[in-house]
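Each chain, written out:
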Amino acid sequence: MSQQKLQAFEDFIKICKNGDNLHKHFLQFMMQRRCIEVPRIGETFLEFCNNDEATEEKTRNLDKLDPDQNRQAMKALRKAIDPMLHRVGMYIVHIADEYSRNMEYWVLASDLNFAPGLLQAGSLQKDELSMFHFWLKLMFLEYKNEEEDEEDSAVEDISNREEPRRGTGGELSQNKVFLFAKKKGWTAVRTQKLIDKLWKQQRWIRVMKGESRNKRRSNKVGDDQSIIRLHPCAMVEIEQLLFQLNVPKCVLCKRPIVVSRLSYTCEGCGACYHANCMLREMEFPAKCSGQNCGQEFDEEIIDEFEFDVDHEYIPPRRSQTGMSTSRRSTADSHRQPFPSLRD
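Attention in this report is confined to the structure presented alongside it. (Residues numbered from 1 in each chain as written. Predicted model: local features only at pLDDT ≥ 70, side-chain atom pairs only at ≥ 80, totals over all residues. Heavy atoms only, no water.)

1. What about the sheet that holds strand 3 (residues 104-110)?
Phase 1 of the analysis: Strands sit in the order 1-3-2 across an open sheet of 3 strands; the sheet is antiparallel. Each edge of the open sheet carries a strand with a single partner, namely strand 1 (35-37) and strand 2 (90-96). Averaged over all neighbouring strand pairs, the angle between strand axes comes to 20 degrees, with direction disregarded.
Phase 2 of the analysis: Pairing geometry for strand 2 and strand 3, over 7 bridges, is antiparallel. By the bridge assignment, Y91 is partnered in strand 3 with A109.
Phase 3 of the analysis: Contacts between helix 5 (residues 67-86) and the sheet are confined to strand 2 and strand 3, with strand 2 contributing the most and set at about 145 degrees to the helix. (Pairing = 2+ DSSP bridges. Helix = DSSP H or I, 4+ residues; strand = E, 2+ residues; numbered from the N terminus. Axes fitted to C-alpha atoms, helices over the stretch in contact; angles between N-to-C directions. Contact = heavy atoms within 4.5 Å.)

2. Some remarks on unusual backbone geometry
Phase 1 of the analysis: The omega torsion of the bond from F284 to P285 falls at -5 degrees, within 30 degrees of zero and hence cis.
Phase 2 of the analysis: Secondary-structure assignment places P285 in the loop between helix 12 (275-281) and strand 9 (286-287).
Phase 3 of the analysis: Within the chain, K254 stands out as a residue other than glycine whose phi angle is a positive 70 degrees.
Phase 4 of the analysis: For K254, the location among the structural elements is in the loop between helix 11 (239-244) and strand 7 (263-265).
Phase 5 of the analysis: If you check the backbone angles, N292 has positive phi at about 55 degrees while not being a glycine.
Phase 6 of the analysis: Judged by relative accessible area, N292 falls into the exposed class, the value being 79%. (Buried < 20%, exposed > 50% of the residue type's maximum accessible area, 1.4 Å probe, protein only.)

3. Brief notes about the packing of helix 6 (residues 126-139) against helix 8 (residues 174-183)
Pairs of packed helices are described in terms of their axes, by the angle between the two and the distance that separates them.
Phase 1 of the analysis: At a minimum axis distance of 11 Å, the contact between helix 6 and helix 8 shows a crossing angle of 130 degrees. As the angle between them shows, helix 6 and helix 8 are arranged oblique. Helix 6 and helix 8 meet at a crossing whose hand is right-handed. Between helix 6 and helix 8, the residues in contact are M131, F134, W135 and L138 and K176, V177, F180 and A181, respectively.
Phase 2 of the analysis: Residue composition of the contact of helix 6 with helix 8, by class: 7 nonpolar, no polar and 1 charged. (Parallel < 35°, antiparallel > 145°, perpendicular 65-115°, else oblique. Left-handed = near helix turned anticlockwise from the far one by under 90°. Nonpolar A, V, L, I, M, F, W, Y, C, P; charged D, E, K, R; others polar.)

4. A closer look at the packing of aromatic side chains
Phase 1 of the analysis: Applying the stated criterion to the full structure yields 9 aromatic pairs.
Phase 2 of the analysis: Their ring planes at 75 degrees and their centres at 6.1 Å tell us that F29 and F48 sit as a pair that is edge-to-face. A residue pair is termed long-range when its members are at least 10 positions apart, and F29 in helix 2 (residues 20-33) and F48 in helix 3 (residues 41-50) qualify at 19 residues.
Phase 3 of the analysis: Overall, F29 belongs to the buried group, its relative accessible area being 18%. (Phe/Tyr/Trp six-rings, centres within 6.5 Å; stacked < 30°, edge-to-face > 60°.)

5. Some words on the pattern of salt bridges
Phase 1 of the analysis: Applying the stated criterion across every chain, the model contains 13 salt bridges.
Phase 2 of the analysis: When the shortest N-O distance is used, the salt bridge between D196 and K200 registers 3.7 Å. In this pair, D196 and K200 are both assigned in helix 9 (residues 188-201), 4 residues apart and thus about one turn of the helix distant.
Phase 3 of the analysis: A residue is classified by how much of its surface remains accessible, and D196, at 25% relative accessible area, is partly exposed.
Phase 4 of the analysis: Counted as one network, the salt bridges with shared partners bring together R71, E104 and R280. (Salt bridge = Lys/Arg side-chain N within 4 Å of Asp/Glu carboxyl O.)

6. Observations regarding the pairing of strand 6 (residues 227-230)
Phase 1 of the analysis: By the alternation rule, side chains of strand 6 split into I227 and R229 and I228 and L230, which are all buried.
Phase 2 of the analysis: Relative to strand 6, strand 4 (residues 171-173) is paired through 3 bridges, and the arrangement is antiparallel. The partner of E171 across the bridge, within strand 6, is R229.
Phase 3 of the analysis: As paired elements, strand 5 (residues 205-208) and strand 6 share 4 bridges and run antiparallel to each other. Note that in strand 6 the partner of R206 across the bridge is R229.

7. Concerning helix 9
Phase 1 of the analysis: Between the first and last C-alpha of helix 9 there are 19 Å, a value that for 14 residues agrees with the 20 Å anticipated at 1.5 Å per step.
Phase 2 of the analysis: All buried positions along helix 9 are accounted for by T191, L194, I195, K197, L198 and W199.
Phase 3 of the analysis: Those residues of helix 9 that are buried lie in contact with helix 6, helix 8, strand 5 and strand 6.
Phase 4 of the analysis: Just past helix 9, the residue R203 takes up positive phi, approximately 55 degrees. (Expected span 1.5 Å × (residues − 1).)

8. Brief notes about the sheet that holds strand 4
Think of a sheet as strands paired side by side through backbone hydrogen bonds, with each pair either parallel or antiparallel.
Phase 1 of the analysis: Across the sheet, 3 strands lie side by side as 4-6-5; this open sheet has antiparallel pairing. In the strand order of this sheet, the two ends are held by strand 4 and strand 5, each with one partner. Neighbour-to-neighbour, the strand axes of this sheet turn through a mean angle of 30 degrees, independent of strand direction.
Phase 2 of the analysis: The strands touched by helix 8 are strand 4, strand 5 and strand 6; relative to strand 4, the strand with the most contacts, the crossing angle is about 65 degrees.

Given below as structure tokens:
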């Protein structure tokens, strides 16, 4: 890196720590989007700097950031904006994309997100919330408690047609969505409008082309092969509802395991793990983190998970690189290929 770029980056980090007005603009951006990909955080804030008269001269020689620089900027920003958010009852949740080995998100959350039911979804009508709730029941039929009485005959009818298969939690065929809505008296047009609203406005779902598990891409609503997945915003904002649907909790990060096929359950104690959490947090061979459990795990567990293809470099098994897989100190955790989300 040239001396000019190095100086520009040092000035940029100082602004990340102290740029009060720019922090407010960045928070407005976050409040509008509610979710941002971690690799874009540093460069997004850099755009604000390069478009501000007070800082443009200091940062104009810096047009992009490498992953290490982005993580430094992200940590500086987080330290600066967390107190601003806490004053208004909001906070940032840093989560990994359960479908991908490489993607992480910042999701802006509020204490209001964790009110009972789905009462805080201001853009949705009561019947729309109810329909979405039923879709969630279909999505997580795998975790249905047999001792519970099923209240809705349409859900029961669809579940009886096809026995819930292990590994299907967190992904729902759009065919089932339209079939269930039809049984509830909804037209296809009305159902599609709700899918659009949940996808493009509420950001609670994503619609993915369902050709192959490893080749899914965002697709137009209405494709019979489409698969509905939960958006990262939903994974945070309706967390308590997911637990009410018996979605298991990861023993490492304590968050719900939405994608069951990308999770692991200990045969010894039944403790559940996100595949991504095992990737980031465990040093193999590892022992189960479940209470009073000594079950040993081999790294081959991770190699068997079928993550989405994201066209980014995926590091080889860490045992092949000679890299330690244990958590490092906060000071150098950004240098890991899969940094801990608990730093």
